[in-house]
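Close look at the chain arrangement
Given next are the chains, with one letter for each unit.
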Amino acid sequence: QVQLRESGGGLVQAGGSLRLSCAVAGRPVRGYAMGWFRQAPGKEREFVGAINYRGDFSVYVDSVKGRFTISRDDAKSSMYLQMNSLKAEDTAVYYCAVNRIPYTGGSASSTEYDYWGQGTQVTVSS
């Protein structure tokens, strides 16, 4: 079975940084786009960003552009989310996911992802 595991979350002050990791087990990630989503308490899951299957471009929701950067290392079956200049509004559980459609640029729609991790909590104090 394919398993995803997020790590790197924690409690930080506004303006601080965190680096989240997503480790994928059960299959190589080569050939599949991957994405990050987040869910704040009492709110719906929302798209954060995605990286295409080649790792040469990525897209982000407007609220994190210029602050968050996604990267991937297919040899390690891993994806990363570098978060800088964190704000209180970034507080949420962050989830990584693998796209079900091969060789795409990544999608903002959660319905296009088959595999999800358990999530890692990010809390930004205000």
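Structure report, in brief. All chains use their own residue numbering, which begins from 1 and follows the written sequence. With pLDDT at 70 or above as the cut-off, local features in this predicted model cover only qualifying residues; side-chain atom pairs require 80 or more to be listed or tallied, and sums for whole chains, interfaces and linings still use all residues. With hydrogens and water stripped out, all remaining heavy atoms of the structure feed into the side-chain values.

A few points about the state of the cysteines
Cysteine sulfur atoms that pair up within 2.5 Å are treated as a disulfide. For the structure shown, the criterion picks out 1 disulfide. One disulfide in the model links cysteine 22 with cysteine 96; its S-S distance is 2.1 Å. Disulfide cysteine 22 to cysteine 96: torsion about the S-S bond roughly 65°, handedness right-handed. Placement of the pair is cysteine 22 in strand E3 (residues 18-25) and cysteine 96 in strand E9 (residues 92-102), with a sequence separation of 74 residues. Relative accessible area decides the class of each residue, using a 1.4 Å probe on protein chains only: under 20% of the type maximum gives buried, over 50% gives exposed, and in between gives partly exposed. For cysteine 96, a relative accessible area of 0% translates into the label buried. What counts as a helix is a DSSP run of H or I of at least four residues, what counts as a strand is a run of E of at least two, and both are numbered from the N terminus.

Quick look at the side chain of arginine 38
Inspection of the secondary structure puts arginine 38 in strand E4 (residues 32-39). Within polar-contact distance, the side chain of arginine 38 engages the side chain of aspartate 90 at 3.0 Å. Two N or O atoms form a polar contact when they lie within 3.5 Å of each other; inside protein one atom must be a possible hydrogen donor and the other a possible acceptor, and for residues adjacent in sequence the pair counts only when both atoms belong to side chains. In this structure the side chain of arginine 38 is engaged in a polar contact, spanning 2.9 Å, whose partner is the side chain of tyrosine 94. Residues within four places of arginine 38 in sequence aside, it is in contact with Glu44, Arg45, Glu46, Val48, Ser63, Val64, Phe68, Glu89, Asp90, Ala92, Val93 and Tyr94. Residues are treated as being in contact if the distance between any of their heavy atoms lies within 4.5 Å.

Here we look at unusual backbone geometry
Phi at serine 85 takes a positive value of approximately 50°, unusual for a residue other than glycine. One can find serine 85 in the loop between strand E8 (78-83) and E9. A residue is classified by how much of its surface remains accessible, and serine 85, at 41% relative accessible area, is partly exposed. In this model, tyrosine 103 sits at a positive phi of 60°, which is unusual for a non-glycine residue. Its place among the elements puts tyrosine 103 in the loop between E9 and strand E10 (113-116).

With respect to the pairing of E9
When DSSP locates at least two bridges between a pair of strands, those strands are taken to pair. Of the strand pairs in this sheet, E4 and E9 are connected by 7 bridges, and their pairing is antiparallel. Paired with phenylalanine 37 across the two strands is tyrosine 95, which belongs to E9. Where E9 meets strand E11 (residues 120-125), 3 bridges bridge the pair, whose relative direction is antiparallel. Across the sheet, the residue bridging to tyrosine 94 is threonine 120, located in E11.

Some points on the layout of surface pockets
The way it works is a 1 Å grid over only the protein atoms, where trapped points that fit a 1.4 Å probe form a cavity and open points with protein on both sides within 12 Å along at least five of seven lines form a pocket, and then any residue with an atom within 4 Å of a point lines it. Grid points are joined across faces, edges and corners, and a volume is the space filled by probe spheres set on the points. The volume enclosed by the largest pocket comes to roughly 160 Å³. Lining the largest pocket are Val2, Gln3, Leu4, Arg5, Ala23, Val24, Ala25, Tyr115, Trp116, Gly117 and Gln118. Looking at the lining of the largest pocket, the elements with two or more residues in it are strand E1 (3-7), E3 and E10. For the lining of the largest pocket, the class distribution of residues is 7 nonpolar, 3 polar and 1 charged. Note on residue classes: Ala, Val, Leu, Ile, Met, Phe, Trp, Tyr, Cys and Pro are nonpolar, Asp, Glu, Lys and Arg are charged, and everything else, Gly too, is polar.

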